[in-house]
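A look at the structure
Residues per chain are reported as follows:
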Amino acid sequence: MGGNLLPNGEFDLGFLGWASGTGAEPCEPQFQIVGDGGYHGGAYLQAHTNGSVSSTKGIKTSVDLVAGQNYLFRAASVNSGNNMKFYVSEDGKALSKQVAKLTSSDAWNLETFTFNTDSYSKGIVAFSSLAALAQADAVGLYQLFDTREAAIADGVAKARLRAELQKQYNTKYAALNDDLTQELEAITTTDDEALARAEKAL
């Protein structure tokens, strides 16, 4: 299994990487990032509204996929209302084919789904009709590789994506961003040690 294609699936970087149904950045009062109490004890997404995925009351993110490959999608939720889903898409906009739907639960529940992309090359995480109750955390999407070496190399690549998002989120401490850049630039391989160093840097 490679690295997470959703670098802010834990919501510890605010709303970065996510959009409302209209394409704007999600914001209060529709949604809130709660700082603690999530699936792993940290931040999570709290819905305070109820509406369609194409409105400001829905929240989503799209990613590039490789056609004909296997992936794993997982997420933790509370009170999903069976309306927290993952789709493969032809263009990153149309919800072409549903491949995952979270089951509604009154406590944190982590669910895992595997699927093949077939001819699709985009994926969309889409949460809507959340009844002002739903919570989400630990959202992850991972490509499944045939070899361990390929998975590790992908993990290093996805760590670099996470680092870029962290630097975007950190607007107060430029020195920290510089340190992170230097640490990742010093990683020139894609083996176990490189992955460990990249994850430690984050």
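Report on the accompanying structure. Please read these numbers as outputs of a predicted model, since none were measured by experiment.

1. Topic: unusual backbone geometry
Positive phi, close to 60°, is recorded for F11, a residue that is not glycine. With respect to the helices and strands, the residue F11 is situated in the segment before strand 1 (19–20). We note that N79 has phi near 55°; this positive angle belongs to a residue other than glycine. Mapped onto the elements of the fold, N79 is located in the loop between strand 5 (70–78) and strand 6 (84–89). Residue classification places N79 among the partly exposed residues on the basis of a relative accessible area of 28%.

2. Observations regarding the nonpolar core
Counting residues in each nonpolar core, the largest one holds 30 residues, and the members touching the most others are F73, F86, F127, V139 and L141. In this structure V139 touches N4, L6, G9, F11, W18, F73, R74, A75, V125 and F127, once residues within four positions along its chain are discounted.

3. What about the packing of helix 1 (residues 148–169) against helix 3 (residues 192–201)?
Remark: helix 1 packs on helix 3, axes separated minimally by 9 Å, with the N-to-C direction vectors making an angle of 25°. In terms of orientation, helix 1 and helix 3 fall into the roughly parallel class. Relative to helix 3, helix 1 is oriented so that their crossing is left-handed. Contacts between helix 1 and helix 3 involve R148, I152, G155, V156 and A159 from the first element and D192, A194, L195 and A198 from the second. A per-class count over the contact of helix 1 with helix 3 returns six nonpolar, one polar and two charged.

4. Thoughts on the pattern of salt bridges
All chains considered together, the criterion is met by six salt bridges. Note that D12 and R162 form a salt bridge whose closest N and O atoms lie 2.8 Å from each other. Placement of D12 in the segment before strand 1 and of R162 in helix 1 is noted, with a sequence separation of 150 residues between them. A salt bridge links D192 to R148, with the nearest nitrogen and oxygen atoms 2.6 Å apart. Here D192 is found in helix 3, whereas its partner R148 is found in helix 1, with 44 residues between them in sequence. Overall, D192 belongs to the partly exposed group, its relative accessible area being 41%. Since its relative accessible area comes to 54%, R148 is described here as exposed.

5. A few points about the sheet that holds strand 6
Pairing between sheet strands relies on hydrogen bonds along the backbone, with the strands arranged either parallel or antiparallel. Taken together, five strands build an open sheet; the order of strands is 1-4-9-6-7 and the sheet is antiparallel. A strand with exactly one partner marks an edge of an open sheet, and here the two such strands are strand 1 and strand 7 (97–101). Examined bridge by bridge, strand 6 and strand 9 (residues 122–127) share six bridges and lie antiparallel to one another. Its bridge partner lying in strand 9, K85 is registered against A126.

Definitions and cut-offs
Residues numbered from 1 in each chain as written. Predicted model: local features only at pLDDT ≥ 70, side-chain atom pairs only at ≥ 80, totals over all residues. Heavy atoms only, no water. Helix = DSSP H or I, 4+ residues; strand = E, 2+ residues; numbered from the N terminus. Buried < 20%, exposed > 50% of the residue type's maximum accessible area, 1.4 Å probe, protein only. Core = buried A, V, L, I, M, F, W, Y, C linked by side-chain atoms within 4.5 Å. Contact = heavy atoms within 4.5 Å. Axes fitted to C-alpha atoms, helices over the stretch in contact; angles between N-to-C directions. Parallel < 35°, antiparallel > 145°, perpendicular 65-115°, else oblique. Left-handed = near helix turned anticlockwise from the far one by under 90°. Nonpolar A, V, L, I, M, F, W, Y, C, P; charged D, E, K, R; others polar. Salt bridge = Lys/Arg side-chain N within 4 Å of Asp/Glu carboxyl O. Pairing = 2+ DSSP bridges.

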